[in-house]
Amino acid sequence: MHRLLLLGCLWLLAAPPGSSIFQRPTGTPAPLHLQYLLEPLHPTVHTQRGATATLPCVLRALPRNYRVKWSKVEPANYGESIIIITNGLFHKNYGPLSPRVRLRHSHRYDASLTITDVALEDEGRYRCQLVNGLEDESISLTLHRENELGPPGGDHCPHPISVPPGVVFPYQPSNGRYKFNYHEAKRACEQQDSRLATYQQLYKAWTEGLDWCNAGWILDGTVHYPIINSREPCGGRLLLPGVRTYGARDKQKDRFDAFCFTSALQGSQVYFIRGHLNFKEAGQACRNQGAALAKVGQLYSAWKFSQLDRCDGGWLADGSVRYPITTPRQRCGGMPEPGVRSFGFPSKEMRTYGSYCFVGK
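Here is what the cut-offs are and how they apply
- Residues numbered from 1 in each chain as written.
- Predicted model: local features only at pLDDT ≥ 70, side-chain atom pairs only at ≥ 80, totals over all residues.
- Heavy atoms only, no water.
- UniProt positions renumbered as here; feature names shortened; annotations may be inferred.
- Helix = DSSP H or I, 4+ residues; strand = E, 2+ residues; numbered from the N terminus.
- Contact = heavy atoms within 4.5 Å.
- Areas by Shrake-Rupley, 256 points an atom, 1.4 Å probe, with all protein chains shown as cover.
- Pairing = 2+ DSSP bridges.
- Axes fitted to C-alpha atoms, helices over the stretch in contact; angles between N-to-C directions.
- Buried < 20%, exposed > 50% of the residue type's maximum accessible area, 1.4 Å probe, protein only.
- Lys, Arg positive; Asp, Glu negative; His and termini not counted.
- Salt bridge = Lys/Arg side-chain N within 4 Å of Asp/Glu carboxyl O.
- Arc of directions from axis to C-beta.
- Polar contact = N/O pair within 3.5 Å; in protein donor to acceptor, adjacent residues only side chain to side chain.
- Disulfide = S-S within 2.5 Å.
- Phe/Tyr/Trp six-rings, centres within 6.5 Å; stacked < 30°, edge-to-face > 60°.
- Lys NZ or Arg CZ within 6 Å of the ring centre and 35° of its normal.

Looking up the protein in an unreviewed UniProt entry gives the name Hyaluronan and proteoglycan link protein 2, with the organism given as Loxia curvirostra. What the UniProt record of the protein gives under Sequence similarities (unreviewed entry) is the line "Belongs to the HAPLN family." Taken directly from UniProt, the Subcellular location (unreviewed entry) text for the protein runs: "Secreted, Extracellular space, Extracellular matrix".

Enquirer: Is there a simple way to think about the overall build of the protein in this case?
Expert: Along the backbone of the protein there are five helices and 21 strands. In the protein, once contacts between residues fewer than 6 apart in sequence are set aside, the share between residues at least 24 apart is 63%. Accessible surface, the protein as shown: approximately 18,600 Å² in total, 54% of it carbon and sulfur.

Enquirer: When you look at the sheet that holds strand S7 (residues 113–115) in this model, what are you seeing that I'm missing?
Expert: Either a parallel or an antiparallel arrangement is found when strands of a sheet pair, and the pairing is made through backbone hydrogen bonds. Spatial ordering of the open sheet is given by S2-S7-S6, a layout of three strands whose pairing is antiparallel. Looking along the sheet, the strands with just one partner apiece sit at the ends: strand S2 (53–55) and strand S6 (101–103). Mean inter-strand twist for the sheet, computed between neighbouring axes without regard to direction, equals 25 degrees. As judged from the three bridges shared by S6 and S7, these two strands associate in the antiparallel manner. By the bridge assignment for S7, valine 101 is matched with isoleucine 115.

Enquirer: Help me understand the side chain of arginine 60, please; the structure alone is not making it clear to me.
Expert: With respect to the secondary-structure elements, arginine 60 resides in the loop between S2 and strand S3 (67–74). One buried charged side chain, arginine 60, makes no salt bridge at all; its nearest oppositely charged neighbour is glutamate 137, positioned 6.9 Å away.

Enquirer: Please clarify how the pattern of salt bridges should be interpreted in this entry.
Expert: Pairs can form between side chains of opposite charge whenever their charged atoms are close. Within the structure shown, the criterion is met by 16 salt bridges. In this structure, the salt-bridge partner of arginine 100 is aspartate 122, at a minimum N-O distance of 2.8 Å. Taken together, the positions of arginine 100 in the loop between strand S5 (91–93) and S6 and aspartate 122 in the loop between S7 and strand S8 (124–131) put the pair 22 residues apart, joining distant regions of the chain. Both residues of the pair, arginine 100 and aspartate 122, count as buried. Salt bridges sharing common partners tie together Arg104, Asp110, Lys204, Glu208 and Lys304.

Enquirer: How should I be thinking about the pairing of S8 in this particular structure?
Expert: Consecutive residues of a regular strand have side chains that alternate between opposite faces of the sheet. The buried fraction of S8 amounts to seven of the eight residues, a majority that puts the element mostly inside the structure. Here seven bridges tie S8 to strand S9 (residues 137–145), and the two strands are oriented antiparallel to one another. Looking across to S9, one finds that tyrosine 126 is bridged to leucine 141.

Enquirer: Please clarify how helix H2 (residues 182–191) should be interpreted in this entry.
Expert: Residues three or four positions apart in an α-helix share a direction because the helix packs 3.6 residues into each turn. Of all the positions in H2, only Tyr182, Ala185, Ala188 and Cys189 are classed as buried. Along the axis of H2, the buried residues cluster in a sector spanning 125 degrees; they form a single face. For H2, the elements touching its buried residues are strand S10 (166–171), strand S11 (195–196), strand S12 (216–217) and strand S15 (257–263). Measuring from the backbone nitrogen of histidine 183 back to the side-chain oxygen at the start of H2 gives 3.1 Å, which picks out asparagine 181 as the cap. Two residues or fewer past H2, aspartate 193 is found with a positive phi of approximately 60 degrees.

Enquirer: Hey, could you run me through the environment of phenylalanine 279 in this one?
Expert: Among the structural elements, phenylalanine 279 can be located in helix H4 (residues 279–287). Of the residues examined, phenylalanine 279 reaches a relative accessible area of 19% and is grouped as buried. Sequence separation between phenylalanine 279 and serine 355 is 76 residues; the distance between their C-alpha atoms is 8.3 Å. Sequence-distant contacts of phenylalanine 279, defined by excluding residues within four places in its chain, comprise Leu293, Trp315, Leu316, Ala317, Gly319 and Lys348.

Enquirer: Hey, could you run me through the sheet that holds strand S4 (residues 79–86) in this one?
Expert: The strand order across the open sheet built from six strands is S1-S9-S8-S3-S4-S5, with neighbouring strands paired in mixed fashion. The open sheet terminates on both sides in strands that have one partner only, identified here as strand S1 (44–47) and S5. On average, each strand axis in the sheet is inclined to that of its neighbour by 30 degrees, with strand direction left out of account.

Enquirer: Would you mind going over the state of the cysteines with me for this structure?
Expert: By definition, a disulfide links the sulfur atoms of two cysteines through a covalent bond. Following the criterion strictly, the structure yields five disulfides and no others. Linked covalently through their sulfurs, cysteine 57 and cysteine 128 form a disulfide whose S-S length is 2.0 Å. In this structure the cystine formed by cysteine 57 and cysteine 128 twists about its S-S bond by roughly -65 degrees; its chirality is therefore left-handed. With cysteine 57 in the loop between S2 and S3 and cysteine 128 in strand S8, this pair connects stretches of sequence that are 71 residues apart. Residue class for cysteine 57 comes out buried when judged on its relative accessible area of 0%. In this model cysteine 311 forms its disulfide with cysteine 332; the gap between the sulfur atoms is 2.0 Å. As the torsion about the S-S bond is roughly -130 degrees, the cysteine 311-cysteine 332 disulfide counts as left-handed. With a gap of 21 residues between them, cysteine 311 in the loop between helix H5 (296–305) and strand S18 (314–315) and cysteine 332 in the loop between strand S19 (321–325) and strand S20 (339–342) connect regions that are remote in the sequence. Sequential numbering of the bridged cysteines in the protein gives the disulfide pattern 1-2, 3-6, 4-5, 7-10, 8-9.

Enquirer: Looking at this model, I keep getting lost on the packing of aromatic side chains. Mind explaining?
Expert: How two aromatic rings sit relative to each other is set out by the distance from centre to centre and by the angle between their planes. Counted according to the given criterion, the structure contains 15 aromatic pairs. Ring plane angle 10 degrees and centroid distance 6.4 Å describe the contact between tyrosine 171 and phenylalanine 180, whose orientation is recorded as stacked. A relative accessible area of 8% means that phenylalanine 180 is categorised as buried. Residues tyrosine 203 and tryptophan 206 carry aromatic rings whose centres are separated by 5.6 Å and whose planes lie at 50 degrees to one another, so their mutual orientation is tilted. Taken together, the residues tyrosine 203 and tryptophan 206, both in helix H3 (residues 199–207) and three residues apart, mark about one turn of the helix. Among the residues examined, tyrosine 203 registers a relative accessible area of 4% and is labelled buried. A network of ring pairs unites the aromatic residues Tyr178, Tyr182, Trp217, Tyr225, Tyr246 and Phe256 as a single cluster. Cation over ring: arginine 177 sits above tyrosine 178, and NZ or CZ is 4.5 Å from the ring centre.

Below, the structure written as structure tokens:
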């Protein structure tokens, strides 16, 4: 086994550079030459100096003996500077960017490049290349640094600021899946301190690892479900990963779940109170501290942006019991990916769980 690992490392490091990408959103035909890579939803990534930026590169399938190479295009000398090469198991960093770059690797198809502490010289064009024998593919993305101070003189509008980051989560009511028409789904998201996600937000969440077998409404009235690991109950094993679609549905009659979107909490906090409380007692425990039971969107926001990590199930305002995990471990559900785990909607009389409280500004 050690010999095999060593051979894998040597093959990775000795091989010449390549590039890679993943699938274009549903409804937009991918270019014919892209067999394994997804076309990026937006070819330009906006960031600011000192921030962390991620250039997306996702594979729709894993070919045998492939490599992904990231490089920065250098127009001054008509060349490219290699940044990182990976074969999915091992990787090696190159050049001056080496200390500040890593692969996001949210799931096994994700080869996106993350750059920390963005500097002035990081702005420019990058290439993600899949090297797969005679079937090499690549995509290009531009990293654009926003002008934090706006244009000189103040006579022109500043460059548009990129959309604030957020998190998409699936939501269904206590009486089971596929109970919402469109208007009920929209209202349910709003009641959880969120709103229905757009297609772009759902697609981005899929590239970051969202894998969900139940179809849900999104803001434009269409219905989709994001799949990373193809499996029989979710359309079968032969379908490629992607954001699968049912298209536009009847907003009054058709019933599905909802995909909600929420953003970072500003000046607010979600925290846990330990105890063996029923639902009513959990709410009172929060009110005793000047807080309220957290909503589902607030818990997801605290998990995503404040790295809230607890192995304890707690009541939320909708009567569900959930717990947020940022560092997966065996004793906390055993699932390998981070996420907000759910115990569903147990009887509100059960004295088994603590409470997740929310306190605003």
